[in-house]
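A look at the structure
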Amino acid sequence: MAEDAFVEITDPQTGKTFFANILTGECTWDKPQNAKVKPKDPNGEWWELFDENHKLPYFYNTKTGETEWLRPQNATVVPLMAIQNSSIGKRVSVALQRASMMGTTTDMPDFSSMGNAQNGGSRLARSEQQNKNGGYQFGSSPAGASPTSGQNGAGESAWQQAKKFGIGQPVNNPDAAMSMNPFNRKGSIAPQHLSYAHLSILFRRPPTLPKDLQLHITQFRIDGFAQRYFAEHRRGIFRRRVPVEKMLEWQKDALKSPLMVMNKEYHKEAQKCFKLLQRIMGDRGGVPANSEQHRKEIQELLDKGINSGILRDEIYVQLCKQLSHNPQPESIFRGWQFMCVITIAFPPSKNFEEYLKSFVQQHFGVRENRVDILSKHAHKKLLRICKVGPRGKTISLQEIERAQEAPFLASVFGETLDDIMKAQTAEFPELKLPRILPFLAEAILTLNGCKTEGVFRVPGDVDAVTDLKCRIEKNEYSMAGIVDPNVPGSLLKSWLRDLADPLIPPEHYQPCIDVGANEMAPDAPRNAARIVEQLPEVNRRVVQYMIRFLRIVGDPQNQPFTKMSVGNLAMVFAPNFLRCPSDSPATIFENTKYEQAWLRILI
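Reading guide: rules and limits
- Residues numbered from 1 in each chain as written.
- Predicted model: local features only at pLDDT ≥ 70, side-chain atom pairs only at ≥ 80, totals over all residues.
- Heavy atoms only, no water.
- Helix = DSSP H or I, 4+ residues; strand = E, 2+ residues; numbered from the N terminus.
- Buried < 20%, exposed > 50% of the residue type's maximum accessible area, 1.4 Å probe, protein only.
- Contact = heavy atoms within 4.5 Å.
- Areas by Shrake-Rupley, 256 points an atom, 1.4 Å probe, with all protein chains shown as cover.
- Salt bridge = Lys/Arg side-chain N within 4 Å of Asp/Glu carboxyl O.
- Lys, Arg positive; Asp, Glu negative; His and termini not counted.

Brief notes about the overall build of the chain
Summing up its helical and strand segments, the chain has 23 helices and 11 strands in all. The buried share of the chain, reckoned over its 603 residues, is 51%. In the chain, the proportion of contacts linking residues at least 24 apart, taken out of those at least 6 apart, comes to 73%. When the accessible surface of the chain is split by element, carbon and sulfur atoms take 50% of a total near 29,100 Å².

What to know about helix H9 (residues 312–322)
When you tally the buried positions in H9, you get 11 out of 11 residues, the bulk of the element. Three or more residues of H9 are buried, namely Arg312, Asp313, Glu314, Ile315, Tyr316, Val317, Gln318, Leu319, Cys320, Lys321 and Gln322.

A closer look at the pattern of salt bridges
According to the stated counting rule, one finds 16 salt bridges in the structure shown. A salt bridge links Lys304 to Glu269, with the shortest nitrogen-to-oxygen separation between them at 3.0 Å. Separated by 35 residues along the polypeptide, Lys304 in helix H8 (residues 292–307) and Glu269 in helix H7 (residues 267–281) bring together distant segments of the chain. For Lys304, a relative accessible area of 17% translates into the label buried.

Quick look at the environment of Pro581
By the secondary structure assignment, Pro581 is in the loop between helix H22 (566–577) and helix H23 (585–602). For Pro581, a relative accessible area of 27% gives the class partly exposed. For the pair Pro581 and Tyr509, spaced 72 residues apart in sequence, the C-alpha to C-alpha distance is 8.1 Å.

What about the side chain of Lys381?
Relative to the elements of secondary structure, Lys381 occurs in helix H12 (residues 371–388). Within the buried set, Lys381 has no salt-bridge partner at all; the shortest N-O distance to an opposite charge, 5.1 Å, is to Glu415. The contacts of Lys381, once residues within four sequence positions are left out, are Thr343, Ile344 and Phe413.

As structure tokens, then:
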């Protein structure tokens, strides 16, 4: 029975579960009703794959990594070859084989399955053909049974053909197999139980899938999102339904209804958003690009997304629509430029996040209209905004102007320390530190920060901080008109916090926590300093400079004025030095005190 042939498979990119029928090739996000789903075997399953090099099936053990030509007896065999006609399964074996011919073996931590399946939507893909081999049965098979005898021409099993032609063991890549193992859930070890060794492996080389298979799985997920959240559009006298792919193509006319499913009270606002977007992209009149009026229109549209969360996905989808099959080069450039601006204002919803990331990534190789540069920059900002969340207030015209220029101009905010140093080398080759660091630190001291109550604890004026940031981005290192030390103080914390990579790299995080957990140990100062010495050169210089600076501010003679003890300074700056790699709130909360203790030891 086809209803009894479902297996549970995990999307290797998101960890979400879908279900595949190994007989019909049908795939669905929902757990099939009135159907049996094969449970996970604690001893590991044997995965039936296809060796494209030799045109033969082989068997891969998900737990031990063994590969065999001969079908295992008295073991659970999941014949994934049978779903090769589906939108995903069709390319699984080929993609794995291609990866295995190029990859190398890497030790991977043993992750075991945990948690419940996540159901997310409706059916997404069906096979146009049914498997012609008479079907497969779960569990063991009689000796000599060959599920692919019909494919091999002469009725011989894969093992028999391998033996006959002198073929060795199947070529296999543990990295690729582990990445796409459908019964090996992502994140199966609770973050608080990850050892330092596990973290080192995870951050050094995360498992990846072959690119072509990634794109296919991504499309599988995008189709599912479209069916769940995109509104249905109809046109013509017969009111025929407009396919999703047609609905999401560029159009010159006004939008008659929202692209996303939303309450009717927001329909007019969604239409206004589209009119504004068309003006911004020059599809419907509009003003010259990069003029002040143009930035005001951008500001108006961003405000709608900042102030109304329900419109955010709608604005993003409208932008994706106008960037798809757009015949006007200038419109394409302005649209991608707007993508770079919107991604510093507010993120998409979690449901739409993967769709948007996939859309942006698909344009990395498009050189026309400089889309490759714009899309890569937008993707970097998108990853950041998805972590930090939306802005709380209107984005200034200065910030919009800077965001438009950012893809083509070097920045000192939101970049890696290495990139910042490379960018300043041409003008200041003698500097061993990012120029911004001593500039802000000296400004704080010059503005009498050591005698200012609550320095670093009290935030500076938001507009003044934004203005100073824009000056620095334009290479204008000037404190003209600024008298409050909290303004450069706030920007210093922001600069450290927004570095693309944390000041303390992930592989050094756990040692810092271990030292902080033993703050009172006699060798704690030596151990804390040893970690700093092991940092990359630029990171080490920045940490050492910051420690010297914080010692000046935290001097006992200044504390009666600032009310900022060493403990208070460590509390304020620890999140800017260290970033917990875990997503577990309990782990983050528990580690906070140890992060502060480590920095307190250094100060």
